[in-house]
Amino acid sequence: MEKKRVAITTLGCKVNQVEGEAVAGLFRCHGYEVVDFAEPADVYVINTCTVTHLGDRKSRQLIRRARRSNPQAVVAVMGCYAQKAPQEVAALGVDVVIGTSGRERLVELVEEARREKKGIVAVTSPTAEFEELPHIPEGRTRAFIKVQDGCDHFCTYCIVPYVRGPVRSRRPERVVAEARTLIEKGFKEIVLTGIHIGAYGRDFPAGEKIKDLADLMEQLLQIPGRWRLRLSSVEPVDVNFRLVDVMAGSEKVCPHLHLPLQSGDDAILEKMGRGYTTVEFLRLTEYIRSRIPDIALTTDIIVGFPGETEDHFRRTLAFVERVGFSQMHVFKYSPRAGTPAATFPAQVDARRKEERSRILRELGEKLAAHYARRFLGREMEVLFEEPPAPGVGEGLTGNYLRVRVETPDNLAGTFASVVLEEYRDGIVLGRLKNFAAEEERKKERK
Ligand code: 5AD
Ligand code: SF4
């Protein structure tokens, strides 16, 4: 019998991607072939996002596209947008709707929908415990491990705590076991991800040996071998001396922290409910840099939060320049129904948001170039990924510089020393240390 084909596509964050890959694995276990979303399939799965209205819109577009591709197919929708608006999703002609939990039942529900030719909406409130899903990452270089789900912070703009539920941490034994397996398989970088990883362990009962993210990292760092550990986004309020100690204390930890700032103005930060002031944030970054001098600090900023005036925005520009982030993700504020900020007065019009976003992105590029240029002339370790083109090698340094070299070899999954030479359009061009030496030798021989 021919294998049934499933096409899966994921929007949104890394956590969503990990979950999408896990669901792909579940379908494979049930004998399905996983195909590209553009190919004809018997089942389409759209793993949705709702962090801004763009997530909703893209989710709806993909659902319609799947429906059109094969009217006979079963279309299943999961993830944050489905969690938020299950009926809206079902009304688009979707056969199975689940949300941000109960994913291990998806294959079963899809088969039930196909057999009985009926629609199923099975969205429940997010589970009380961390949901274990078997996960085999794609590729062979970097693997993302989900260590935590949910958020209790309730920033006034954010829908995520409503759709992802409260903080649930994954058992440390499971995280360590997964990391061990991946490293044994040859993965060279482990990235810890979650919705709010700085809150890791907060839901564990008192008296546990591993209580927080720093403890978890220490456990992981005992895994031998040549590999490195990276953290994804950590909320500024969750960075403490212990965490910085663990980061500074091991060569294995990438000198990189993504600290979402959101605004560089105190009045706006207060209205966002972020829990810190710009002075506190600045002190934090100064302390981190005193311990890890070359660290890459990256961030998220929202422009056009309700009440944001030109003055507020100018203060944000000045502040991000002062901190000197090496990369910035800029989001245009999107009112999310049900969050406090959606009803705040003085909503900012679309044109202003667009303009501020453009200005901030330009500044982001300038700061990225400035940071990268500090490292030109130095020799740095690059972890190579799948080559983007024949004869070209590309990868990341620990401090998140994207580096490209010329090389006849496929270096995917290996570390190599590169002399950084030139920064161009977001990429550092360099020379492979050993390759360069080899070329020199060849010339001498001639
Ligand atoms: N509008 C715009 N951006 C948002 N983010 C979260 N909620 C919203 C919203 N309502 C951004 C924040 C967060 C990132 C993942 O998404 O910057 O850090
Ligand atoms: Fe999007 Fe947030 Fe859900 Fe990730 S957690 S998919 S960013 S809404």
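The structure we're discussing is the one just above.
Thresholds applied
Residues numbered from 1 in each chain as written. Chains lettered and ligands numbered in written order. Predicted model: local features only at pLDDT ≥ 70, side-chain atom pairs only at ≥ 80, totals over all residues. Heavy atoms only, no water. Axes fitted to C-alpha atoms, helices over the stretch in contact; angles between N-to-C directions. Helix = DSSP H or I, 4+ residues; strand = E, 2+ residues; numbered from the N terminus. Left-handed = near helix turned anticlockwise from the far one by under 90°. Contact = heavy atoms within 4.5 Å. Nonpolar A, V, L, I, M, F, W, Y, C, P; charged D, E, K, R; others polar. Pairing = 2+ DSSP bridges. Core = buried A, V, L, I, M, F, W, Y, C linked by side-chain atoms within 4.5 Å. Buried < 20%, exposed > 50% of the residue type's maximum accessible area, 1.4 Å probe, protein only. Domains from an automatic or database assignment. Near = heavy atom within 4 Å. Areas by Shrake-Rupley, 256 points an atom, 1.4 Å probe, with all protein chains shown as cover.

Undergrad: Can you tell me about the packing of helix H7 (residues 172-185) against helix H8 (residues 213-221), naming the residues and giving the values?
TA: Relative to each other, H7 and H8 sit at 35°, their axes nearing to 10 Å. As H7 runs across H8, the sense of the crossing is right-handed. Packed against H7, whose contacting residues are Pro-172, Val-175, Val-176 and Ala-179, the element H8 presents Leu-216, Gln-219 and Leu-220 at the interface. A class-by-class count of the residues in the contact of H7 with H8 yields six nonpolar, one polar and no charged.

Undergrad: So what about the sheet that holds strand S15 (residues 379-384)? Which residues, and what values?
TA: What the five strands build is a closed barrel, ordered S15-S16-S17-S19-S18; its pairing is mixed. Between one strand and the next, the sheet's axes are offset by a mean angle of 50°, whatever the strand orientation. Sheet strands touched by helix H13 (residues 350-373): strand S18 (415-424) and strand S19 (427-432). Its angle to S18, the strand with the most contacts, is close to 130°.

Undergrad: So what's going on with the nonpolar core? Residues and values would help.
TA: Counting residues in hydrophobic clusters, the biggest one holds 57 residues, and the most contacted among them are Leu-192, Leu-213, Met-217, Leu-220, Leu-231 and Leu-360. Here the element with the most residues in this core is H8; it accounts for six residues. Both of domain 2 (137-254) and domain 3 (257-374) provide at least three residues apiece to this core. When sequence neighbours within four positions are dropped, the list of residues in contact with Leu-192 reads Ile-145, Val-147, Ile-197, Leu-213, Leu-216, Met-217, Leu-220, Leu-229, Arg-230, Leu-231 and Ser-232. Grouped together as the second largest cluster of nonpolar side chains are 22 residues, Val-45, Ile-98, Leu-106 and Val-107 included.

Undergrad: If you had to explain the site of ligand 1 to someone new, which residues and values would you point to?
TA: All residues adjacent to ligand 1 are Val-51, Thr-52, Tyr-157, Gln-262, Asp-300, Ile-302, Phe-331, Lys-332, Tyr-333, Ser-334 and Arg-336. Burial of ligand 1 by the protein amounts to 86% of the accessible area it has alone, namely 400 Å². Breaking the shell around ligand 1 down by element, the ones donating at least two residues are strand S13 (296-303) and strand S14 (327-332). In terms of residue class, the shell around ligand 1 is made up of five nonpolar, three polar and three charged.

Undergrad: For the sheet that holds strand S1 (residues 5-10), give the residues involved together with the corresponding values.
TA: The sheet built from six strands is open, its strands ordered S2-S1-S3-S4-S5-S6 with parallel pairing. Only two strands of the sheet have a single partner each, and these edge strands are strand S2 (33-35) and strand S6 (120-121). Bridge analysis of S1 against strand S3 (residues 43-48) gives five bridges, and the strand direction is parallel. For Thr-10, the partnering residue across the bridge sits in S3 and is Asn-47. The strands touched by helix H2 (residues 53-69) are S1, S3 and strand S4 (74-79); relative to S3, the strand with the most contacts, the crossing angle is about 175°. Those strands touched by helix H5 (residues 106-116) are S3, S4, strand S5 (96-97) and S6, and its axis lies near 150° from that of S4.

Undergrad: Describe unusual backbone geometry, listing the residues and the values that go with them.
TA: With a phi close to 50°, Lys-117 is a non-glycine residue in the positive phi region. Note that Lys-117 resides in the loop between H5 and S6. You can call Lys-117 exposed: its relative accessible area is 74%. A positive phi is found at Phe-154, a non-glycine position, where the angle reads about 50°. With respect to the secondary-structure elements, Phe-154 resides in the loop between strand S8 (148-149) and helix H6 (160-164). Residue Phe-154 is classed as partly exposed on the basis of its relative accessible area, which comes to 40%.

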